[in-house]
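Chain by chain, the residues:
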Amino acid sequence: MTRADAEALDAVDPLARFREAFDLPAGVIYLDGNSLGPLPRAAAAGVERAVRQEWGQGLITSWNAAGWIEAPQRLGGKVARLVGAGPNEVAVADSTSVNLFKLAAGALSLRPGRRTIVTETGNFPTDVYVLEGVCAMAGATLKALPPEQVLHAVDDDTAAVVLTHVHYKTARRWDMAAVTAAVQARGALMLWDLCHTAGAVACDLNGAGADLAVGCSYKYLNGGPGAPAFLFVAERHQGAIRSPLSGWMGHAEPFAFEDRYRPSSDIRAMLCGTPPILGLAALEAGLDLQLEADPRAVEAKGQSLCRLFIDLVERRCAGHGLALTGPREMERRGLHVSFAHPDAYALVQAMIARGVIGDFREPDIARFGFSPLYLSHAEVWDAAEILRDVLETRAYEAPGFRTRSAVT
Ligand SMILES: *Cc1c(COP(=O)(O)O)cnc(C)c1O
């Protein structure tokens, strides 16, 4: 493999035209779109329109005239197409953490005789923290176990199993259909976290028979920092599930201003308060862009980029102590690649100083995300060469690269 071979792959890339849709800084190879996706040009225009026309000129009439009030369901319908859900099964609201709280408590409401939630340790911490909080409030038990023990722990007291489809560090991907079936065979509900799935790998929630899901929209969906997250409730559960955050936007008739809460019978029951319109305006541009791309081409290109990076690093950076974490087979992983290295933090900092932005994850992981819409194989080649140079020249040993900042 040479750089010319990488360029040849780019020459036949069916997604190449999407690069221009992003406002990426010159001279940067951005391998952190799995943590914060870059700015779609249309998002800047969409926010400008929402601010100046809809808010500035339309004022309060924009709740109806500009479709603000339906935005959580409208955007939910768009996310649904990316995750294999029906058009009325997804809403966009709140953060992933808050949505997980609502749906985990909702799962307990759907399985009243069962008092345990089972989840995996080593997950992105908010998932376990939120489940601890839900269980403490509901008087339920949380069993957080290593991934290989999770399915063995599901029994007739288990209300729900909560797993992250693609692991944030190792990129290991659960078999969604098989795990969902195994959990449901024991009468429990399956709640998937799709933070590193949506916009990255093919996902068919209804094909897998999933019950519930949450996910993030500022990663591969490029919705912008703190963009509102999404939640999925399979249609069969919508009449019965109860959100613990029974706010007025979840009421059957919010504008009836009744004294007592009456839940909506559809996905709106999972909404709580007034939707964040400016954040939704940015996200809608990211979603519209993602929907223009063929999801099979997205996953295929992402896997091609990951495979190339793994291959180049293992061949050209051999002997420098980097060890791939997580599975090697593309069907069993997501679109980021993590290498363990004793100096991972300094390595990532030294690469950032040379324009290759990846990130560090405790305790020793250098993580690189390969978002298919804007990256090229040539950039992957260049990033691997910069890594090789940083290792060979020991540039990462410079003292400035070891000082930790608050956000890594
Ligand atoms: C990114 C991520 C989150 C983010 O949660 P927020 O509420 O948006 O902070 C949650 N879970 C997983 C698995 C993630 O990767």
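Things to note about the packing of aromatic side chains
For any pair of aromatic rings, the description consists of the separation of the ring centres together with the inter-plane angle of the planes. What the rule picks out here adds up to ten aromatic pairs. Just above the ring of Phe124 sits the side chain of Lys219; from NZ or CZ to the centre is 5.3 Å. Over the ring of Tyr345 we find Arg404; its NZ or CZ atom is 4.6 Å from the centre of that ring.

Quick word on the domain arrangement of the protein chain
By domain assignment, the protein chain separates into domain 1 (3-30 + 294-401) and domain 2 (45-290). Centre-to-centre, using C-alpha coordinates, domain 1 lies 30 Å away from domain 2. With 25 residues of domain 1 at the interface, the matching set in domain 2 holds 17 residues. In total, domain 1 and domain 2 occlude about 1700 Å² of area from one another, counting both sides; carbon and sulfur atoms represent 54% of this. It is Glu299, Leu335 and His336 that lose the most area in domain 1 upon contact with domain 2, and together they represent 26% of the buried surface on that side. In this structure, Glu299 and Arg173 form a salt bridge, with 3.8 Å as the shortest nitrogen-oxygen distance. For the pair domain 1 and domain 2, the number of links is twelve residue pairs in polar contact (both at pLDDT 80 or more). A total of three residues in the side of domain 1 that touches domain 2 trace back to one element, the largest contributor, which is helix H11 (residues 295-316). Across the side of domain 1 that touches domain 2, the residue classes break down as eleven nonpolar, seven polar and seven charged.

So, the site of the ligand
With respect to spatial proximity, 13 residues lie near the ligand, and among them Ser97, Asp127, His196, Tyr218 and Lys219 are the closest. Taking Asp193, its side chain carries an N or O atom lying 3.1 Å from a nitrogen atom of the ligand. In the model, an oxygen atom of the ligand is placed 3.1 Å from a nitrogen or oxygen of the His196 side chain. Isolated, the ligand exposes 390 Å² of accessible area, and the fraction of that covered by the protein chains is 87%. Its residues placed into classes, the shell around the ligand shows three nonpolar, seven polar and three charged.

How each quantity is defined
- Residues numbered from 1 in each chain as written.
- Predicted model: local features only at pLDDT ≥ 70, side-chain atom pairs only at ≥ 80, totals over all residues.
- Heavy atoms only, no water.
- Phe/Tyr/Trp six-rings, centres within 6.5 Å; stacked < 30°, edge-to-face > 60°.
- Lys NZ or Arg CZ within 6 Å of the ring centre and 35° of its normal.
- Domains from an automatic or database assignment.
- Contact = heavy atoms within 4.5 Å.
- Buried area = accessible area lost by both parts, 1.4 Å probe.
- Salt bridge = Lys/Arg side-chain N within 4 Å of Asp/Glu carboxyl O.
- Polar contact = N/O pair within 3.5 Å; in protein donor to acceptor, adjacent residues only side chain to side chain.
- Helix = DSSP H or I, 4+ residues; strand = E, 2+ residues; numbered from the N terminus.
- Nonpolar A, V, L, I, M, F, W, Y, C, P; charged D, E, K, R; others polar.
- Near = heavy atom within 4 Å.
- Areas by Shrake-Rupley, 256 points an atom, 1.4 Å probe, with all protein chains shown as cover.

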